[in-house]
Amino acid sequence: MIISPSLLAANFLDLQTDCKMLDESEADWFHLDVMDGRFVNNISYGLPVIQQMRPTTKKLFDVHLMIEEPEKYTEAFRKAGADILTVHFEACRHLHRNIQQIKEMGMVAGVAINPHTPVQMLQDILEEVDLVLIMSVNPGFGGQKFIPHTYNKIRTLRQRIDQLGLPVKIEIDGGVDLNNARQLAEAGAHVLVAGSAVFHSPDPKATISALKHITD
Ligand code: DX5
Ligand code: ZN
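Residues numbered from 1 in each chain as written. Chains lettered and ligands numbered in written order. Predicted model: local features only at pLDDT ≥ 70, side-chain atom pairs only at ≥ 80, totals over all residues.

### Focus on the site of ligand 1
In the vicinity of ligand 1 there are 22 residues, among which Ser6, Leu8, Gly142, Gly195 and Ser196 approach most closely. Of all elements in the fold, only strand E2 (29-35), strand E8 (191-194) and helix H7 (196-199) reach the threshold of two or more residues within the shell around ligand 1. Of the residues in the shell around ligand 1, the class split is nine nonpolar, eleven polar and two charged. (Near = placed C-beta within 6 Å. Helix = DSSP H or I, 4+ residues; strand = E, 2+ residues; numbered from the N terminus. Nonpolar A, V, L, I, M, F, W, Y, C, P; charged D, E, K, R; others polar.)

What follows is the structure in structure tokens.
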């Protein structure tokens with residue numbers, strides 16, 4: 001299991017400490033949520049913050065863009081240090097072109113879907129993407145309750161990916177914790193994002209480790 005803790009739940013007044021903690025932990029990626037107040041009803045952080053976090057670790061920066069017109073910022077996020085760039089299906093009028101653009105710039109290309117978007121909508125883009133991020137809450141805020149229908153979506157998508165023999169990874173984002181992680185793994189998830197479950201736990205490193213080894 002790949003673990004990508006979401007820094008949306010970190011202490012913004014002391015990001016250095018949280019970045020160091022993640023760097024020393026068993027976390028695989030840093031999940032960075034960018035919100036524009038248009039695609040979602042919240043505004044988080046953006047390019048300068050990501051750029052300043054970049055030297056704190058060699059781990060991959062998994063950037064989740066919850067913004068309109070993400071194609072305008074592909075290069076800027078590459079320069080700020082993104083390794084994985086995920087755009088929303090619902091925000092891209094020319095998703096195929098956006099995905100090509102991300103890959104041409106040397107990043108791993110992801111597509112995210114909201115809870116109401118069926119995985120079947122990805123049929124004609126599946127061969128182009130490296131990663132599918134299934135939102136298991138409505139995007140915009142941390143600390144929300146996991147939507148159980150997500151399990152069906154994971155199973156359906158995983159079956160399709162395996163049928164086609166594609167190397168696409170399935171990432172789950174929203175309300176992930178130690179209570180549902182095993183079931184998510186069994187349904188076919190490859191990557192788990194966790195914000196509150198990690199940063200609001202008494203021992204974040206131990207929680208990351210427990211998530212990492214959930215199927216051991
Ligand atoms: C929500 C973000 C998530 C968020 C998850 O819109 O995409 O990455 O940080 O937070 P938790 O794990 O608290 O649900
Ligand atoms: Zn996210």
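### Comments concerning helix H8 (residues 204-212)
Every buried residue of H8 is listed here: Pro204, Thr207, Ile208 and Leu211. Looking down the long axis of H8, one finds its buried residues gathered within 100° of arc, a one-sided arrangement. On the buried face of H8, the contacting elements are strand E1 (2-5), helix H1 (15-24), helix H6 (181-187), E8 and H7. (Buried ≥ 20, exposed ≤ 12 C-beta atoms within 10 Å, placed from the backbone. Arc of directions from axis to C-beta. Contact = placed C-beta atoms within 7 Å.)

### Here's the deal with the UniProt feature "binding site: substrate" (unreviewed entry) in the chain
Residues given the UniProt feature "binding site: substrate" (unreviewed entry) here are Ser6, His64, Gly140, Phe141, Gly142, Gly143, Asp173, Gly174, Gly175, Gly195 and Ser196. Inspection of the secondary structure puts glycine 175 in the loop between strand E7 (169-173) and H6. Beyond its immediate chain neighbours, meaning those up to four positions away, glycine 175 contacts Ser136, Val137, Gln144, Lys145 and Phe146. Position of serine 196 relative to the elements: it lies in helix H7. If we ignore the near neighbours within four places in the chain, the residues touching serine 196 are Ala9, Gly142 and Gly143. (UniProt positions renumbered as here; feature names shortened; annotations may be inferred.)

### A closer look at the pairing of strand E6 (residues 131-135)
Of all five residues in E6, five are buried, a share of seventy percent or more. Judged by which residues are buried, E6 turns out to be covered on both faces: Leu131, Leu133 and Met135 on one side and Val132 and Ile134 on the other are all buried. When strand E5 (residues 108-113) meets E6, the two strands line up parallel, connected through four bridges. Counterpart to valine 111 in the pairing with E6 is valine 132. Where E6 lies against E7, five bridges are found, and the strand directions are parallel. (Pairing = 2+ DSSP bridges.)

### Comments concerning the UniProt feature "active site" (unreviewed entry) in the chain
Here, UniProt's "active site" (unreviewed entry) annotation points to Asp33 and Asp173. These residues run over 141 residues, yet every pair of their C-alpha atoms falls within 10.5 Å of each other. Here aspartate 33 is to be found in strand E2. What aspartate 33 contacts, discounting residues up to four positions off in sequence, is Ser6, Leu8, Ser44, His64 and Met66. Position of aspartate 173 among the secondary structure elements: in strand E7. In this view, aspartate 173 contacts His64, Leu133, Met135, Ser136 and Val193; residues no more than four positions away in its chain are not counted.

### A word on the confidence of the model for the chain
Detailed reading of the predicted coordinates is not advisable wherever pLDDT falls low. With 100% of its residues at a pLDDT of at least 70, the chain reaches an overall mean of 98. Taken over the whole predicted complex, pTM reads 0.98, whereas the ipTM for its chain interfaces reads 0.99. (pLDDT = per-residue confidence, 0-100.)

### Digging into the environment of alanine 206
Relative to the helices and strands, alanine 206 is located in helix H8. For alanine 206, a count of 13 C-beta atoms within 10 Å corresponds to the partly exposed category. For the pair alanine 206 and leucine 7, spaced 199 residues apart in sequence, the C-alpha to C-alpha distance is 17 Å.

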